[in-house]
Amino acid sequence: MSPPCHTSALLLVFMALAVAGAEQSEERSCDVVGDESSESQMERALLKKLEPLSHMRFNVTVEKGKTENYIYHFRVCREVNSTSHDFGGLVQTDRQNGKTTVIGRINETQVFNGSDWIMLIYKGGDSYGRHCSGEKRRAVIMISCKRGVTASSFSIISEEREKEQECFYLFEMDSSVACPAENSHLSVGSILLITFVSLIAVYIIGGFLYQRLVVGAKGMEQIPHFAFWQDLGNLVADGCDFVCRSKPRNAPAAYRGVGDDQLGEESEERDDHLLPM
């Protein structure tokens, strides 16, 4: 093989390895039950809404006596153990012997919601032994709305395995992704107030610039319609004086002040008394 052909073959091998490594490193996400074309827009929207939780891992430990001691590992639309390639989205680990059991798989997902909750269901888990007629396990995760919290309070509620069919594990958690969008509409009063304040700002700034740059006014004269506002202020002051005055305008004073003219008159009277008769 010639050197150029040898180099091309090595490049092809390296490219194939890189593509394979990229495919393995890319984690698989939820696949809704049924054909891909049968997924509704609502299901796609809900899966997209859950994306912020996909990089988080959740664990809960359950101990019932000496026979049941488990850890449940959960991820939202991702495999708990991506190296095993078992699509396990919720996995049970027996703490006594280390045995793992897949409760539900992300390639058999169902998702639907209400006003303030999202329910995520992983089907296709490992089969029961002597319970539930040997059917496959199923995990139901109820995600409730809690604003300001990305995710918290993951816990198991119950395991229903005493029925003949439709057995399931029920989990719950809180997250803000399940909350409805907050309405940010402004009230009519707020809109009117914003409009009024904006018009006042335009009037003051525009009038100031006109008076300064076009008319050439200086000082207080730069205020638009300064004479009008000055007269208006005087009128308001007179109105307040008229309405708020506690006594009539023509009421005499309660006391007489002592002035220089009064002192002079009194001194003359005193001098008259001193004259000889």
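Residues numbered from 1 in each chain as written. Predicted model: local features only at pLDDT ≥ 70, side-chain atom pairs only at ≥ 80, totals over all residues. Heavy atoms only, no water.

S.K.: Even after reading the chapter, I still don't get the overall build of the chain, so can you show me in this structure?
M.R.: When helices and strands are counted, the chain shows 5 helices and 8 strands. Along its sequence from the N terminus, the chain presents helices and strands in the succession α-α-β-β-β-β-β-β-β-β-α-α-α. In the chain, buried positions account for 25% of the 277 residues. Counting only contacts in the chain whose residues sit at least 6 apart along the sequence, the fraction spanning at least 24 positions is 49%. Summed over its atoms, the accessible surface of the chain is roughly 19500 Å², and 57% of this surface lies on carbon and sulfur atoms. (Helix = DSSP H or I, 4+ residues; strand = E, 2+ residues; numbered from the N terminus. Buried < 20%, exposed > 50% of the residue type's maximum accessible area, 1.4 Å probe, protein only. Contact = heavy atoms within 4.5 Å. Areas by Shrake-Rupley, 256 points an atom, 1.4 Å probe, with all protein chains shown as cover.)

S.K.: Honestly, the state of the cysteines in this entry has me stumped. Any pointers?
M.R.: When the sulfur atoms of two cysteines share a covalent bond, that bond is a disulfide. Under the criterion given, the structure shown has 3 disulfides. Note that cysteine 145 is cross-linked by a disulfide to cysteine 179, the S-S spacing being 2.0 Å. One quick way to see it: the torsion about the S-S bond of cysteine 145 and cysteine 179 is about 100°, and its sign makes the bridge right-handed. In this pair, cysteine 145 sits in strand β6 (residues 139-145) while cysteine 179 sits in the loop between β8 (168-175) and α3 (188-215), placing the two residues 34 residues apart along the sequence. Assigning the bonded cysteines of the chain consecutive numbers by sequence position, one obtains the connectivity 1-2, 3-5, 4-6. (Disulfide = S-S within 2.5 Å.)

S.K.: Is there a simple way to explain the pattern of salt bridges in this structure?
M.R.: Where charged atoms from two side chains of opposite charge approach closely, those side chains can pair. Per the counting criterion, the structure on display carries 6 salt bridges. In this structure, the salt-bridge partner of arginine 138 is glutamate 166, at a minimum N-O distance of 3.1 Å. Of this pair, arginine 138 sits in the loop between β5 (117-124) and β6 while glutamate 166 sits in the loop between β7 (152-160) and β8, and the two are 28 residues apart along the sequence. Classification of glutamate 166 as partly exposed rests on a relative accessible area of 47%. (Salt bridge = Lys/Arg side-chain N within 4 Å of Asp/Glu carboxyl O.)

S.K.: Help me out: how do you make sense of the sheet that holds strand β3 (residues 88-94) in this one?
M.R.: Where strands meet in a sheet, backbone hydrogen bonds hold them as pairs that are either parallel or antiparallel. Sheet architecture is open: 8 strands sit in the order β1-β2-β3-β4-β5-β6-β8-β7, paired in mixed fashion. Only two strands of the sheet have a single partner each, and these edge strands are β1 (57-64) and β7. In this sheet, neighbouring strand axes are inclined to one another by 25° on average, regardless of whether the strands run parallel or antiparallel. In terms of strand pairing, β6 meets β8 through 7 bridges, oriented parallel. Pairing of cysteine 145 across the sheet is with serine 175, part of β8. Seen against the sheet, helix α2 (residues 41-49) touches β4 (100-113) and β5 and runs at an angle of roughly 120° to β4. (Pairing = 2+ DSSP bridges. Axes fitted to C-alpha atoms, helices over the stretch in contact; angles between N-to-C directions.)

S.K.: How should the pairing of β8 be read in this particular structure?
M.R.: Each regular strand displays side chains that alternate between the two surfaces of the sheet. Here β8 shows a buried face lined by Tyr169, Phe171, Met173 and Ser175 and an unburied face lined by Phe168, Leu170, Glu172 and Asp174. Sheet topology places β7 next to β8; 6 bridges connect them, and they run antiparallel. Residue glutamate 160 lies in a different strand from β8, and its bridge partner there is phenylalanine 168.

S.K.: Explanation requested: the packing of aromatic side chains in the structure shown.
M.R.: Two aromatic rings are characterised by how far apart their centres lie and by the angle between their planes. A complete count under the given rule lists 11 aromatic pairs for this structure. Ring geometry for phenylalanine 228 and tryptophan 229: centres 5.0 Å apart, planes at 70°, overall edge-to-face. Assessed through its relative accessible area of 40%, tryptophan 229 is described here as partly exposed. In textbook terms, an aromatic cluster arises when at least three aromatic residues are bridged by ring pairs, as seen for Phe58, Tyr70, Tyr72, Phe74, Tyr122, Tyr128, Phe154, Tyr169 and Phe171. Positioned above the aromatic ring of phenylalanine 87 is the side chain of arginine 28, whose terminal nitrogen or guanidinium carbon lies 4.0 Å from the ring centre. We note arginine 137 situated over the ring of tyrosine 128; from NZ or CZ to the ring centre the distance is 4.6 Å. (Phe/Tyr/Trp six-rings, centres within 6.5 Å; stacked < 30°, edge-to-face > 60°. Lys NZ or Arg CZ within 6 Å of the ring centre and 35° of its normal.)

S.K.: Which parts of the structure should I look at to understand the layout of surface pockets?
M.R.: Where empty space is left can be seen by rolling a probe of water-molecule size over the atoms. In this structure, the largest pocket spans a volume of roughly 410 Å³. Around the largest pocket, the lining is made up of 15 residues, and of these Tyr70, Gln92, Lys99, Arg137 and Arg161 lie nearest the centre. Breaking the lining of the largest pocket down by element, the ones donating at least two residues are β2 (68-75) and β3. Considering only enclosed or pocket space, the second largest pocket measures out at about 200 Å³ in volume. The residue inventory of the lining of the second largest pocket, partitioned by class, reads 3 nonpolar, 1 polar and 6 charged. (1 Å grid on protein atoms, 1.4 Å probe; cavity = no way out; pocket = protein on both sides within 12 Å on 5 of 7 lines; lining within 4 Å. Points joined across faces, edges and corners; volume = space filled by probe spheres on them. Nonpolar A, V, L, I, M, F, W, Y, C, P; charged D, E, K, R; others polar.)

S.K.: When you look at unusual backbone geometry in this model, what are you seeing that I'm missing?
M.R.: Where the residue is not glycine, phi is negative for most of them; where a peptide bond is considered, it is trans in most cases. Positive phi, close to 55°, is recorded for serine 133, a residue that is not glycine. By the element assignment, serine 133 lies in the loop between β5 and β6. The backbone of serine 153 sits at a positive phi, close to 60°, despite the residue not being glycine. Accessibility expressed as a relative area gives 44% for serine 153, which makes it partly exposed.

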